[in-house]
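Structure assessment
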Amino acid sequence: MKRALFPGSFDPITLGHSDIIQRALPLFDEIVIAIGINAEKKYMFSLEQRQQFIEKCFINEPKVKVITYSGLTIDLCKQINAQFILRGLRNPADFEFEKAIAHTNRKLSKIETVFLLTAANTSFISSSIVRDVIRNGGDYTQLVPEAVTL
């Protein structure tokens, strides 16, 4: 079974995340969306809310599972037998950042990272932009899946 882990904070999940997952479905037998827990970060949405948003987005997709984790992503990959880490790239800065992580993960674990470019119509969306729109009372609904509700 080809299993990919798609890690992130998903605070909240965006149309960009959703697009990457949808386009990756034909590539893998299962995609595990792993919501990272980082005690150092301040989240807008609780862990439970983020998990519910994602589960609701993919309720009709049996190939998608949602879990939470803390610690190293490669340790989780080993634990759930994921051979691949899935990551989306929006721009060259994302590539440089993700490339360094991918090389480190490969060196430490032999786990491959698969990069998909975000679609042109979602490449500008990030969770931090969505949070800023929400904080300032803007219309965030054009940036996130319908499952994300306040």
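This report concerns the structure included in the present document. Since the model is a prediction, treat every value here as computed from it, not as a measurement.

1. Some thoughts on helix α2 (residues 47–57)
Along α2, the residues that are buried comprise Arg50, Phe53 and Ile54. Viewed along the axis of α2, the buried residues span an arc of 90°, placing them on a single side of the element. In α2, the exposed residues that point more than 90 degrees away from the buried face are Glu48, Gln52 and Lys56. Elements in contact with the buried residues of α2: β2 (30–36) and β3 (64–69).

2. What to know about the pattern of salt bridges
As enumerated under the stated definition, the model contains seven salt bridges in all. Of the charged contacts in the structure, one is a salt bridge between Arg131 and Asp11, with a shortest N-O distance of 3.8 Å. Of this pair, Arg131 sits in helix α5 (residues 127–135) while Asp11 sits in the loop between β1 (3–8) and α1 (15–24); the two residues are 120 residues apart in sequence, bridging distant segments of the chain. Judged on exposure class, the residue Arg131 and its partner Asp11 are both buried. Residues Lys99 and Glu96 are paired through a salt bridge, measuring 3.5 Å at the closest nitrogen-oxygen approach. Within this pair, Lys99 and its partner Glu96 are both found in helix α4 (residues 92–109), separated by three residues, close to a single helical turn. We classify Lys99 as partly exposed; its relative accessible area is 31%.

3. Notes on unusual backbone geometry
Of all residues except glycine, most have a negative phi; of all peptide bonds, most are trans. Going from Asp11 to Pro12, the amide bond is cis rather than trans, its omega being 0°. Assignment of secondary structure puts Pro12 in the loop between β1 and α1. You will see that Phe10, though not glycine, has its phi angle at about 50°, which is positive. Its place among the elements puts Phe10 in the loop between β1 and α1. You can call Phe10 buried: its relative accessible area is 2%.

4. Notes on the layout of surface pockets
Within this model, the largest pocket holds a volume of roughly 1100 Å³. Lining the largest pocket are 40 residues, with Pro7, Gly8, Ser9, Arg87 and Glu98 sitting closest to its centre. Counting only elements with at least two residues in the lining of the largest pocket, the list comes to β1, α1, α3 (73–80), β4 (84–89), α4 and α5. It is α4 that provides the largest number of residues to the lining of the largest pocket, a total of eight residues. Its residues placed into classes, the lining of the largest pocket shows 15 nonpolar, 19 polar and six charged.

5. Quick word on the side chain of Arg50
Here Arg50 is to be found in helix α2. A polar atom in the side chain of Arg50 sits 3.1 Å from the backbone oxygen of Phe45. With sequence-adjacent residues up to four places away left out, Arg50 is seen in contact with Ser9, Phe10, Asp11, Ile35, Gly36, Tyr43 and Phe45.

6. Let's talk about the nonpolar core
In terms of nonpolar packing, the biggest core is built from 27 residues, with Ile13, Ile21, Ile31, Ile33, Ile54 and Leu86 touching the most fellow members. Within the residue set of this core, elements represented by two or more residues are β1, α1, β2, α2, β3 and α5. Once you skip the residues sitting within four places of it in the chain, Ile13 turns out to touch Ser18, Ile21, Phe53, Ile54, Cys57, Phe58, Val144, Pro145 and Val148.

7. A word on the pairing of β4
Taken residue by residue, a regular strand's side chains alternate between the two faces of the sheet. One ladder, built from two bridges, connects β1 with β4; its direction is parallel. Its bridge partner lying in β4, Leu5 is registered against Ile85. Handedness of the crossover is the feature at issue here: the chain leaves β4, passes through α4, returns alongside strand β5 (residues 112–117), and the resulting connection is right-handed.

Procedures and definitions
- Residues numbered from 1 in each chain as written.
- Predicted model: local features only at pLDDT ≥ 70, side-chain atom pairs only at ≥ 80, totals over all residues.
- Heavy atoms only, no water.
- Buried < 20%, exposed > 50% of the residue type's maximum accessible area, 1.4 Å probe, protein only.
- Helix = DSSP H or I, 4+ residues; strand = E, 2+ residues; numbered from the N terminus.
- Arc of directions from axis to C-beta.
- Contact = heavy atoms within 4.5 Å.
- Salt bridge = Lys/Arg side-chain N within 4 Å of Asp/Glu carboxyl O.
- 1 Å grid on protein atoms, 1.4 Å probe; cavity = no way out; pocket = protein on both sides within 12 Å on 5 of 7 lines; lining within 4 Å.
- Points joined across faces, edges and corners; volume = space filled by probe spheres on them.
- Nonpolar A, V, L, I, M, F, W, Y, C, P; charged D, E, K, R; others polar.
- Polar contact = N/O pair within 3.5 Å; in protein donor to acceptor, adjacent residues only side chain to side chain.
- Core = buried A, V, L, I, M, F, W, Y, C linked by side-chain atoms within 4.5 Å.
- Pairing = 2+ DSSP bridges.
- Right-handed = clockwise from strand over helix to strand, strands pointing away.

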